Amino acid sequence: RTREPVYQGHRLRYWVEHPGNIWAEAEDSQYKARQALRAIGTNAMPWLLRWLQAKESPFNKVCFAARRKLPDIIADHLPEPVSAGELKSLTLEAIATLGPQASATVPAMTEMLNDPDTYMALHAAEVLGKVGPNGMAVLIGGLRDKDVARRRLIAESLIRSGPAGKEIIPPLTVALKDPDCEV
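Notes on the structure in this doc start here. Since the model is a prediction, treat every value here as computed from it, not as a measurement.

1. A few points about the packing of aromatic side chains
Between two aromatic rings, the relevant description is the distance of the centres plus the angle of the planes.
Link 1 in the chain: Counting across every chain of the model gives 2 aromatic pairs.
Link 2 in the chain: When the centroid spacing of 6.0 Å and the interplanar angle of 65 degrees are considered together, the rings of tyrosine 7 and tryptophan 15 count as edge-to-face. One exposure class covers both tyrosine 7 and tryptophan 15, and it is buried.
Link 3 in the chain: Centroid distance tyrosine 14 to tryptophan 15: 4.9 Å. Interplanar angle 85 degrees. Geometry classified as edge-to-face.
Link 4 in the chain: Taking the relative accessible area as the measure of exposure, tyrosine 14 reaches 27% and is therefore partly exposed.
Link 5 in the chain: Here tryptophan 15 falls in the buried class, since its relative accessible area comes to 7%.
Link 6 in the chain: Taken together, the aromatic side chains of Tyr7, Tyr14 and Trp15 make up a single cluster linked through ring pairs.
Link 7 in the chain: The side chain of arginine 13 reaches across the aromatic face of tryptophan 51, ending 5.5 Å from its centre.

Here is what the cut-offs are and how they apply
- Residues numbered from 1 in each chain as written.
- Predicted model: local features only at pLDDT ≥ 70, side-chain atom pairs only at ≥ 80, totals over all residues.
- Heavy atoms only, no water.
- Phe/Tyr/Trp six-rings, centres within 6.5 Å; stacked < 30°, edge-to-face > 60°.
- Buried < 20%, exposed > 50% of the residue type's maximum accessible area, 1.4 Å probe, protein only.
- Lys NZ or Arg CZ within 6 Å of the ring centre and 35° of its normal.

As structure tokens, then:
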């Protein structure tokens, strides 16, 4: 088993979920986390793929329950456990930071489009649009999905992806003619 990549003395997971991570308010912290992720690059793929499949562990459930029972004065000084859902979201942000370097994650993110958690599915769709042509092809193909909610989610993420190129204009034009007015 290979070891988790390290950058400036911190493992990859630190850069993905540390409070000074890519979602941090401080731009300097965001910059450092993005710089770390880009430096680690494709060496991060095995871990990012594993974290996209995260399930809530029994240990985490016990930690969350125990933490709620502690007085605030104690709980405030303990590290907060990271839920499986939060780890997936943070991992998606890391993948977005890597962009086309993270194209190996396209199949896992494609699977996430079926996630019952709409937020997670939308987040995966948005990141798919940032990992290059393979991700964009999945989104464009998804506009023909039988599931109305998924078509709507994919159309929304294509629109949010910004200036992705001329290749999204024809499929979005077709999506405008969708029988469901919300797509």
